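Residue-level structure breakdown
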Amino acid sequence: MKLTDKEILDFVKENITIVKDMTGHIVIKEVLCSIIGDVGGHVYGNVGGNVYGDVDGDVCGHVGGDVAGDVCGHVGGDVAGDVCGDVLGHVYGNVNGSAKGS
């Protein structure tokens, strides 16, 4: 089922904060929903839901749900749920669920 432009815009307005960084590049500052897929870089802000895919960089903010994929860097914030994948770096925040990976 195809989404309309209005549905996409409404979703972005309600769930994603987009800003310009100091160099003028457009970046995603905050995600208030789950990410069902991989993240090709770092997550510097907070994720209000779950991260179901792999993160190729660091997770520097808090995750309100589970991290089900692997994190190739560090987890600097708290994870409200479980960490089911491997974290190749350090976990500096609290994991309120279980750490099931390595």
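The structure contained in this document is the topic of the report that follows. Bear in mind the structure is a predicted one, so any value in this text is a computation, not a measurement.

**Section: the overall build of the protein**
Within the protein, the regular secondary structure consists of 1 helix and 2 strands. Secondary structure of the protein in N-to-C order comes out as α-β-β. The C-alpha radius of gyration computed for the protein amounts to 14 Å, which stays within 12% of the reference 13 Å derived for 102 residues, consistent with globular compactness. Along the three orthogonal principal directions, the C-alpha set of the protein runs to about 40 × 35 × 20 Å. Burial statistics for the protein: of 102 residues in total, 30% are counted as buried. Only carbon and sulfur atoms are counted for the fraction: they give 55% of the accessible area of the protein, which is about 6,500 Å².

**Comments concerning the pairing of strand S2 (residues 26-31)**
In the sheet, strand S1 (residues 16-20) pairs with S2 via 5 bridges, with the strands oriented antiparallel. Note that in S2 the partner of Val-19 across the bridge is Val-27. Between S1 and S2, which pair antiparallel one after the other, the connecting turn spans 5 residues, and Gly-24 there sits at a positive phi close to 90 degrees.

**Let's talk about the pattern of salt bridges**
Taken as a whole and judged by the stated rule, the model has 2 salt bridges. Residues Lys-6 and Asp-10 are paired through a salt bridge, measuring 2.7 Å at the closest nitrogen-oxygen approach. Highlighted residues: Lys-6 and Asp-10, both in helix H1 (residues 5-15), separated by 4 residues, approximately one helical turn. In this structure Lys-6 comes out as exposed when scored by relative accessible area, which is 57%.

**Points about the side chain of Asp-82**
Note that Asp-82 resides in the segment after S2. Within the structure, Asp-82 has its side chain in polar contact with the backbone nitrogen of Ser-98 (distance 2.6 Å). The contacts of Asp-82, once residues within four sequence positions are left out, are Gly-65, Asp-66, Val-67, Gly-97, Ser-98 and Lys-100.

**Observations concerning the layout of surface pockets**
The computed volume of the largest pocket comes to approximately 330 Å³. Sort the elements by how many residues they give to the lining of the largest pocket and S2 lands first, with 5 residues. Grouping the amino acids of the lining of the largest pocket by side-chain chemistry returns 9 nonpolar, 4 polar and 2 charged.

**So, a negative patch on the surface**
Residues Asp-38, Asp-54, Asp-56 and Asp-70 make up a contiguous surface patch of negative charge. If you trace the backbone, Asp-54 turns up in the segment after S2.

Criteria and cut-off values
Residues numbered from 1 in each chain as written. Predicted model: local features only at pLDDT ≥ 70, side-chain atom pairs only at ≥ 80, totals over all residues. Heavy atoms only, no water. Helix = DSSP H or I, 4+ residues; strand = E, 2+ residues; numbered from the N terminus. Rg over C-alpha atoms; globule rule 2.2 N^0.38 Å. Buried < 20%, exposed > 50% of the residue type's maximum accessible area, 1.4 Å probe, protein only. Areas by Shrake-Rupley, 256 points an atom, 1.4 Å probe, with all protein chains shown as cover. Pairing = 2+ DSSP bridges. Salt bridge = Lys/Arg side-chain N within 4 Å of Asp/Glu carboxyl O. Polar contact = N/O pair within 3.5 Å; in protein donor to acceptor, adjacent residues only side chain to side chain. Contact = heavy atoms within 4.5 Å. 1 Å grid on protein atoms, 1.4 Å probe; cavity = no way out; pocket = protein on both sides within 12 Å on 5 of 7 lines; lining within 4 Å. Points joined across faces, edges and corners; volume = space filled by probe spheres on them. Nonpolar A, V, L, I, M, F, W, Y, C, P; charged D, E, K, R; others polar. Patch = residues over 30% accessible without salt bridge, like charges linked within 9 Å, V, L, I, M, F, W, Y side chains within 5 Å. Lys, Arg positive; Asp, Glu negative; His and termini not counted. Charge placed at Lys NZ, Arg CZ, Asp CG, Glu CD.

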